[in-house]
Amino acid sequence: MEVTNCKNCGRLFNYVSGQRICDACKQKAEEKFQEVKQYLEKNPHDSIDAVAKETDVQVKQIKAWIREERLILSYPSADGIVCEKCGKPICSGKLCEACKKDMANSLADAFRKPEEPKPEKPKKDNKNRMRFLDHK
Ligand SMILES: [Zn+2]
Ligand SMILES: [Zn+2]
């Protein structure tokens, strides 16, 4: 355990793990998260900007929650978040379905790529051959 300053409020606190944010700020953030979540449930068609204004949370923070898939938009929109690869509006996470599939495929390729290592010749064989050559 170490004592460090909270990244959010600057207060000293006992840091254990994860983000360097004190318990009070963590709790506040969690309350804000619940507020945003409930607001989104009641107003599924509001843009992120509107949600941010209504709940007094930064747009950046809301988008971070969506990227973490803690929040899911009810419909994809260009002023929400977009796929990091192709720029298509998405509801949550980092990639659209198509790019997720692409990613999975290329990952599978990456695993398939390395050619099977050729089985090494048993060392015993070599030794025998050496001995044979020696005798010659
Ligand atoms: Zn704090
Ligand atoms: Zn995409």
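Because the structure is a prediction, the values reported are computed rather than measured. The residue count restarts for each chain, going from 1 along the sequence in the order it is written. Think of it this way: whatever chain is written first is A, whatever ligand is written first is 1, and the rest follow in order. The model is predicted, so local features are restricted to residues of pLDDT at least 70 and side-chain atom pairs to those at 80 or more, both for listing and for counting; the totals for chains, interfaces and linings are taken over all residues. Note: side-chain values were computed over all heavy atoms of the structure, leaving out hydrogens and water.

Q: Looking at this model, I keep getting lost on the overall build of the protein chain. Mind explaining?
A: Helix and strand counts for the protein chain come out as five helices and four strands. The rule is simple: take the accessible area with a 1.4 Å probe, protein chains only, and divide by the maximum for that residue type; under 20% is buried, over 50% is exposed, in between is partly exposed. Here the protein chain holds 136 residues, and the buried ones make up 24% of them. We call two residues in contact whenever any of their non-hydrogen atoms come within 4.5 Å of each other. A separation threshold of at least 6 residues defines the contact pool for the protein chain, and within that pool the share at least 24 residues apart is 21%. Method for areas: the Shrake-Rupley scheme with a 1.4 Å probe, in which residue coverage is limited to the protein chains shown. Looking at the protein chain as shown, the accessible area adds up to about 10800 Å², and 52% of this sits on carbon and sulfur atoms. Numbered from the N terminus, helices here are DSSP runs of H or I no shorter than four residues, and strands are runs of E no shorter than two.

Q: When you look at the coordination of the zinc ion (ligand 2) in this model, what are you seeing that I'm missing?
A: A four-donor tetrahedral metal ideally has 109.5 degree angles, and a six-donor octahedral metal ideally has angles of 90 or 180 degrees. Excluding water, the donors of a metal are its N, O and S neighbours within 2.8 Å, or within 3.2 Å for Na, K and Ca, and that exclusion means sites may look incomplete. Only Cys83 (SG), Cys86 (SG), Cys96 (SG) and Cys99 (SG) from the protein coordinate the zinc ion (ligand 2), and they sit 2.3 Å from it. The coordination sphere of the zinc ion (ligand 2) comprises four donor atoms, whose angles at the metal cover 104 to 118 degrees; the geometry is tetrahedral. Sequence spacing of the donors to the zinc ion (ligand 2): C-x2-C-x9-C-x2-C. Of the two residues, Cys83 sits in the loop between strand E3 (81–82) and strand E4 (89–90) while Cys99 sits in helix H4 (residues 97–112), which places them 16 residues apart along the sequence. Among the residues examined, Cys83 registers a relative accessible area of 3% and is labelled buried. Just to be clear on the cut-offs, tetrahedral is four donors with all angles between 85 and 135 degrees, square planar is four donors and octahedral six with opposite donors over 155 degrees apart and all others between 65 and 115, and anything else goes down as irregular.

Q: Help me understand the coordination of the zinc ion (ligand 1), please; the structure alone is not making it clear to me.
A: Within the protein, the atoms that donate to the zinc ion (ligand 1) are Cys6 (SG), Cys9 (SG), Cys22 (SG) and Cys25 (SG), at distances of 2.2 to 2.3 Å. Taken together, the four donor atoms surrounding the zinc ion (ligand 1) define angles of 104 to 114 degrees at the centre, an arrangement classified as tetrahedral. Donor residues for the zinc ion (ligand 1) sit on one chain with the sequence pattern C-x2-C-x12-C-x2-C. Of this pair, Cys9 sits in the loop between strand E1 (2–5) and strand E2 (12–15) while Cys25 sits in helix H1 (residues 23–42); the two residues are 16 residues apart in sequence, bridging distant segments of the chain. Relative accessible area serves as the criterion here: at 6%, Cys25 is assigned to the buried category.

Q: I'm lost on the layout of surface pockets in this one. Help?
A: Rolling a probe over the atoms, with the probe sized like a water molecule, indicates the empty space that remains. Here a cavity is any set of points on a 1 Å grid over the protein atoms alone where a 1.4 Å probe fits but cannot get out, and a pocket is any open set with protein on both sides within 12 Å along at least 5 of 7 lines; a residue lines the site when it has an atom within 4 Å of a point. Grid points are joined across faces, edges and corners, and a volume is the space filled by probe spheres set on the points. By volume, the largest pocket is sized at about 650 Å³. In terms of lining residues, the largest pocket is bounded by 19 residues, among which Gln19, Ile21, Ala29, Gln61 and Trp65 are the most central. Of all the secondary structure elements, the ones that give two or more residues to the lining of the largest pocket are H1 and helix H3 (59–67). In this count, Pro and Cys sit with the nonpolar residues alongside Ala, Val, Leu, Ile, Met, Phe, Trp and Tyr, while Asp, Glu, Lys and Arg are called charged and the others, Gly among them, polar. Among the residues making up the lining of the largest pocket, the classes are represented as six nonpolar, four polar and nine charged.

Q: So what exactly am I meant to see when it comes to the nonpolar core here?
A: Buried together is how nonpolar side chains tend to be arranged in soluble globular proteins. Nonpolar cores are built from buried Ala, Val, Leu, Ile, Met, Phe, Trp, Tyr and Cys residues. Side-chain atoms within 4.5 Å join them into one set. The biggest cluster of nonpolar side chains holds 20 residues, and the ones touching the most others in it are Val36, Ile62, Ile66 and Leu71. Setting aside anything within four residues of it in sequence, one finds Ile62 in contact with Val36, Ile48, Val51, Ala52, Thr55, Val57 and Leu71. In terms of nonpolar packing, the next biggest core, distinct from the first, is built from six residues, Tyr15, Ile21, Cys22 and Cys25 among them.

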